[in-house]
Structures are given as C-alpha cells and as structure tokens.
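What follows is each chain in one-letter form.
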Amino acid sequence: MPPVSAITPKLAWLPQFPGIHQLRHYQRSWLPNDVLAGVTVAAYLIPQCMAYGELAGVDPIVGLWAILPPLLIYAFLGSSPQLSVGPESTTAVMTAVAIAPLANGSNYAPLAAALAFGVGLVCLLGYMLRLGFLANLLSKPILVGYMAGVALIMIAGQLGKISGINISAQTVIGQGLAFIRHLDQIHGPTLLLGLLVLVFLGSIQSRFPTAPGPLLAVLLATLTSTLLHLNQQGVAVVGTIPAGLPQFTLPFIPKQDWLTLGASAIGIAIVGYSDNVLTARIFATRHRYPIDANQELLALGIANLGNGLLQGFPISSSGSRTVIGDALGSRSQVFSLVAFGVVMSVLLFLRPLLALFPTAALGAIVVYAATRLIDLAEFRRLSQFRTSELALALVTTLGVLATDILIGVAVAISLSVIDLFARLARPHDAVLGKVPGLSGLHDIADWEGATTLPGLVLYRYDAPLCFANVENFKRRALQAIADEVAPVHWFVLSTEAISEVDITAADALADLYEEVSDQGITFALTRVKQELYGQLQHSGLLDAIGPERVYPTLSGVIEAFQSQHPATPDG
C-alpha cells in the first residue's frame, strides 16, 4: 500500500532519523491500530506517571510533565517503532535515592531536572563514543536480581502512602522496621483503599491485559473518595495542581552538588539505557525489524535533556506500556504522538480531576508495578540451569538492598564483568583423539574408549588468549603433555577457538614453545586464522616455530606427524 502523503507530506528536508523514515513510509492500514494503542497507552500512563512522579520524590503532576518531551522526541529519533519511552519505576526510584541527600527536604524538583539533564549529557557522550555495546555488560542473572532488588525498594517506599503511617526512613530495612513498629498508627480508610486498588489491579490485569487498569483503578478510587468524603477522614489526595504546562528552565544546582549528581547521572544512564535497549530488542526480535543501539543512546539522551529543560526527571522505556501498545497492534511511533495529544488535553482541561486522585491509589499502582518486576519463574529457571547463575542474581539483589541503589548498579556491573572474566580465565579445553566407530577427532574426556595418537598431543583451548587466561592456558597445556603415558614427540595447539591474542598471550606462547622444545618435543599450530597468523608473525613467534609447522587442517598435522614417526599407528 502506498505511503499516506496526507499524514506525512514532503518530509524529505528532515534529517534521516529512524522515526522520520517511519513517518515517510507510513501505511494507511496502520492508523486505526496506532490510534487505539495511543489512546489506551495514554489512559494507562496518566495515573502511572503521576505515581512515578511521587516515587521520584517530586509532585505527581511532574510525572505527567516528564512524559511530554520523551513521547515527542523518541517518536522522531528512536529506532524502535513500538517502544514507549517516559517515566518508569527504576529510574524514578533511582532519582529519589540520588537527590534525597541533597534536597534538604524541599529542593527536589530542580535537582530532579538537573539530574535528567545530566543523564541526557551522559547518553549523548555515549552516543558520540559509540558505546552502545555497554548494554551487554548486564547479564541476564544480574538483570533479574537487580530488578528484584529495585522492586523491593519500590514496595518499601510506598508502605507509608498505602497505610497512612508517617515513615521518614530512607532504606528498605529502615522503612520496613518503621512500618512494623507503627502498625498501631495505620489509617484504616487509607489502607483499605490501597488494598482494594491492589486487588482490583490484579484481577483486571490478569483477565484483561490490555485494559487501562491503573486509570480505571484511580478513577474508581477517586469516585469512592469523593462520594464518601474520605479526604475529610484523613485520606490524602494529590491536591492543587499548577495551571498550564511546564516552563522552559535551565537547571541550576550549587557547584558542591555537581560531583554527586554527576556520579548518579552515570549510574542512571547505564541502567536506563540498558532497560531501553533490551526492551526494544525483545519486540524487535518478535516482529523482525532492526534496532540501532547507538541511535537509542541519542534518542534517550535528547529525551532526558528535554525533561531537564522542562522541569521533569530522568526517564527510560516502559515495558508495560510497550506491551499494551503491541497487544493493540501498534506499528509505528504514531501511537506515541496520539498519546502525547491525549496527555496534553488532560493537562489543559482535566486538572481538577487529577487533583482529587488519592495518593494511596497511586502508591498501590507503584506496588503493583513492583510485584511484576520480581520474576520468580526466572529465579527458578536460573537455579535449574546453573547454581552460579542463581547465586549471581541473589547476590545482586542483596547488593542493591544492602547499599543504596546506585552502588547496586556498580555492584551489578562489576559482578557481570567478574563473571565474564571468570569464564574467560577458565574456559573449556580438550585433548583430541580417536573414538572407535566415529569419524574425526574428539575430546577424549567426552567419549568412553577414546584414545590419543601415541606420541602426539593435539590440544585445543576454547577461548581467545589474553592476559587474563595465559597462565591457566600454559598450566593446562603442560599438564596435557604430562598426562600422556607414551613419550610425547609432538605438541600441536589447535587454535580454532583462538581468534586473537594480546602481547601478554603472545609472549606466553613463546614461553610455552621454549619449554616444550627444551623437552625435545616439536611444537606446531593448526587451524590458524589469518588475523591470528598476522599477530603471531608480528610477535616473532612464527619465525621461532617455523612456517612449516603451521598446518591448515588437523588431518594435515596427523599426516606430517606420521611421516616423521611411521611406527605410530593411526588408530
């Protein structure tokens, strides 16, 4: 079907951003689903983003302000046609944790806006340096454990709102203990309202996943509160909302806060970007379209800069809103533009209704969203797959809970890198031999009755060689020689899994060559890739070994060995 020129007239003058490309090639058949998805997502995000505003430590209305720049900016700059970008739970709670020590109880809004501006600058720097690959530093177990920790922090932070207890503690343990110690201060109507909202959300979202559950819950809670005059009985409501839209303001913070907010901005940018690109990849895989990881850095950076200039707070992607849009058939970012229009209409004409929203209902929405972040099924799957994977997830959860959430980010990334280095430093290796009744050469440890060719050790190391594993490599290679019963005449290193070496590894190979040669054993290489061949040539190792001792195939090695040791049986 031809493009809809009436919707996207003559856009050739605009930059070649992914969103512009989508609009230029927009299909008329997509419009009904995009409009339906946009209206539904807007109905879902209005109470959700207000709740996330409170979660971030600012006024609930700021949560709606913080959705406006991302909806508009990502529609034109983002590489995913389906991702919903804006306030979300993780960056909201990280924002609250980051600015609380600096706010002195009353300065949250400018600090939150400055933090969003900082996150935007970090993302833009990452885009210029093409650091999109950093999203891969967070492995699946780390993400599962991290999200569980964040969820528990979110739940603990809402205990006061849904119970009516005044809780001033900032840590999970402190909030939990304060809640238990002051159970006698629970405000009955507030707690009952919060529990009813939770039950309603659980029921409606399980039966009707695409329904705007949060909106329906808040509207019903507001209606109930108004009819029963619950605000006169101590049930807190959002209260007066400033007229109009957010004003353009350049964030300003004291110089002494720059370092603290800068460190927080880096942590939030890493987590927000990881969540952004991973969510985008899930839907890209499902619907078979490409995602540009570096373009996502640019889009997220500009969106956060926009929030910093319009009194918002740091944002990322929302998995729940993206799921709703996908379920309703969204095909392009037109659905975000529709949602933008709906939110603008609400801000301009329905502020009196928003002012009546009970804060207990908003707190219940946050608690409900948090429970969906704790993936118990994934924890079980990790335990069944490998104990070490489960341990990584649990340690990450405890790290997030035991420290503040930004240190938890560092703990999570450090654990991912340590896990990566552990696998690289102690990879699988194999001594290759013959298996009766099976062609080719195989790991003798995997097959009963497998034998090596007497006098020949064919050794394979299944990882690139670098400073982190060369000592492990040397020790295991020499052990493979020592384990042979028959005298060893040739040691052959199969490099099929060694794509490259660093200078430390090249020197270690030279040391191994000398140690093997001192024992009267011929050292040879096989299956050497061109890049590795060039690196070994530059290091001088090939001159020592001799080019004639580099064989392209395993069969060529065996033929050369048997030509010099004809008494050796071929198995």
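In this convention, every chain numbers its residues from 1, walking through the sequence in written order. Whole-chain, interface and lining totals are the exception, using all residues; otherwise, since this is a predicted model, local features are given only for residues with pLDDT of at least 70 and side-chain atom pairs are given and counted only at 80 or more. The basis for the side-chain values is all heavy atoms of the structure; hydrogens and waters are excluded.

**Student:** Before we go on, may I ask you to explain the overall build of the protein in this structure?
**Tutor:** Of regular secondary structure, the protein possesses 24 helices and eight strands. In terms of principal-axis extent, the alpha carbons of the protein reach across some 100 × 65 × 50 Å. Only heavy atoms matter for contacts: two residues are in contact if any of them lie within 4.5 Å across the pair. Long-range pairs, those at least 24 residues apart, make up 78% of the contacts in the protein between residues at least 6 apart in sequence. Only the protein chains shown count as cover for residues, and all accessible areas are computed by the Shrake-Rupley method using a 1.4 Å probe. Accessible area of the protein: about 25700 Å², with a carbon and sulfur share of 63%. Just so you know, the count uses Lys and Arg for positive and Asp and Glu for negative, and it drops His and the chain ends. Where a charge sits is defined by one atom per residue type, namely NZ (Lys), CZ (Arg), CG (Asp) or CD (Glu). Across the protein, the mean location of the 29 positive side-chain charges is 14 Å away from that of the 36 negative side-chain charges. Numbering of helices and strands starts at the N terminus; helices are DSSP runs of H or I of at least 4 residues and strands are runs of E of at least 2.

**Student:** Can you help me understand the packing of aromatic side chains in this one?
**Tutor:** In this description, an aromatic ring pair is defined by two values, namely the gap between the centres and the angle between the planes. For Phe, Tyr and Trp, where Trp contributes only its six-membered ring, two rings pair if their centres lie within 6.5 Å, and the inter-plane angle classes them as stacked under 30 degrees, edge-to-face over 60, or tilted in between. Throughout the structure, instances matching the rule amount to nine aromatic pairs. When the centroid spacing of 6.3 Å and the interplanar angle of 50° are considered together, the rings of F421 and F467 count as tilted. Taken as a pair, F421 in helix α19 (residues 405-425) and F467 in the loop between β5 (456-461) and α20 (470-482) lie far apart in primary sequence, 46 residues in all. Judged by its relative accessible area of 54%, F467 falls in the exposed class. With a centroid separation of 5.9 Å and 85° between ring planes, the pair formed by Y513 and F523 is classed as edge-to-face. Here Y513, found in helix α21 (residues 503-518), pairs with F523, found in strand β7 (residues 522-526); they are 10 residues apart in sequence, far enough to count as distant. Among the aromatic residues, ring-to-ring pairing joins Y459, Y461, F473, F491, Y513 and F523 into one connected group. Three exposure classes are used, based on accessible area relative to the maximum for each residue type with a 1.4 Å probe and protein chains only: buried under 20%, partly exposed in between, and exposed over 50%.

**Student:** Explain the packing of helix α2 (residues 31-55) against helix α16 (residues 359-371) to me, please; I cannot follow it from the model alone.
**Tutor:** Axes are the key here: two packed helices are described by the angle between their axes and the distance separating the axes. Fitted lines through C-alpha atoms give the axes, limited to the stretch in contact for helices. The angle between two N-to-C directions lies from 0 to 180 degrees. Running from amino to carboxyl end, α2 crosses α16 at an angle of 90°, the nearest separation of the two axes being 9 Å. As summarised for this structure, α2 and α16 are arranged roughly perpendicular, according to the angle between their axes. Judged by residue contacts, P47, Q48, M50, A51, Y52, E54 and L55 of α2 engage T359, L362, I365, V366 and A369 from α16. Across the contact of α2 with α16, the residue classes break down as nine nonpolar, two polar and one charged. Put simply, angles under 35 degrees are roughly parallel, angles over 145 are roughly antiparallel, angles from 65 to 115 are roughly perpendicular, and the rest are oblique. Amino acids are sorted into nonpolar (Ala, Val, Leu, Ile, Met, Phe, Trp, Tyr, Cys and Pro), charged (Asp, Glu, Lys and Arg) and polar (every other residue, Gly among them).

**Student:** What exactly am I supposed to notice about the environment of L250 here?
**Tutor:** Mapped onto the fold, L250 is located in the loop between α10 (213-227) and α11 (258-287). Between the C-alpha atoms of L250 and S89, which are 161 residues apart in sequence, the distance is 25 Å.

**Student:** Looking at this structure, I do not really get the UniProt feature "transmembrane region" (unreviewed entry) in the protein. What am I missing?
**Tutor:** UniProt positions are given in the numbering used here, feature names are shortened, and annotations may be inferred rather than shown by experiment. If you check UniProt for "transmembrane region" (unreviewed entry), the listed places come out as residues 60-77, 108-129, 141-159, 186-204, 216-238, 258-278, 337-370 and 390-418 in our numbering. The span residues 108-129 is 95% helix and 0% strand, and its two end C-alpha atoms sit 31 Å from each other.

**Student:** What am I meant to see in the nonpolar core here?
**Tutor:** Side chains of a nonpolar character, in soluble globular proteins, are inclined to be buried together. Judged by nonpolar contacts, the single largest core of 91 residues is most densely connected at I46, M50, L64, L261, V343, L354 and L362. The element that contributes the greatest number of residues to this core is α2, accounting for 11 residues. Beyond its immediate sequence surroundings of up to four residues, V343 is in contact with A42, L45, I46, L64, I67 and L68. Working definition of a nonpolar core: buried Ala, Val, Leu, Ile, Met, Phe, Trp, Tyr and Cys residues. They are joined through side-chain atoms within 4.5 Å. Formed by 31 residues, the second largest nonpolar core is a distinct cluster that contains V457, L512, V516 and L532.

**Student:** Got a minute to help me understand helix α9 (residues 188-207) in this structure?
**Tutor:** Count 3.6 residues to each turn of an α-helix, and residues three or four apart come out pointing the same way. To estimate the expected span of a helix, count its residues, drop one, and scale the result by 1.5 Å. With 20 residues, α9 should cover 28 Å at 1.5 Å per step; its first-to-last C-alpha distance of 29 Å lies within 8% of that length. If you check which residues of α9 are buried, you get T190, L193, G194, V197, L201, I204 and Q205. Looking straight down α9, one finds its buried side chains confined to an arc of 110°; they lie on one side. Of the residues in α9, the exposed ones pointing more than 90 degrees away from the buried face are L192, L196, V199, S206 and R207. Directions from the helix axis toward the C-beta atoms define the arc.

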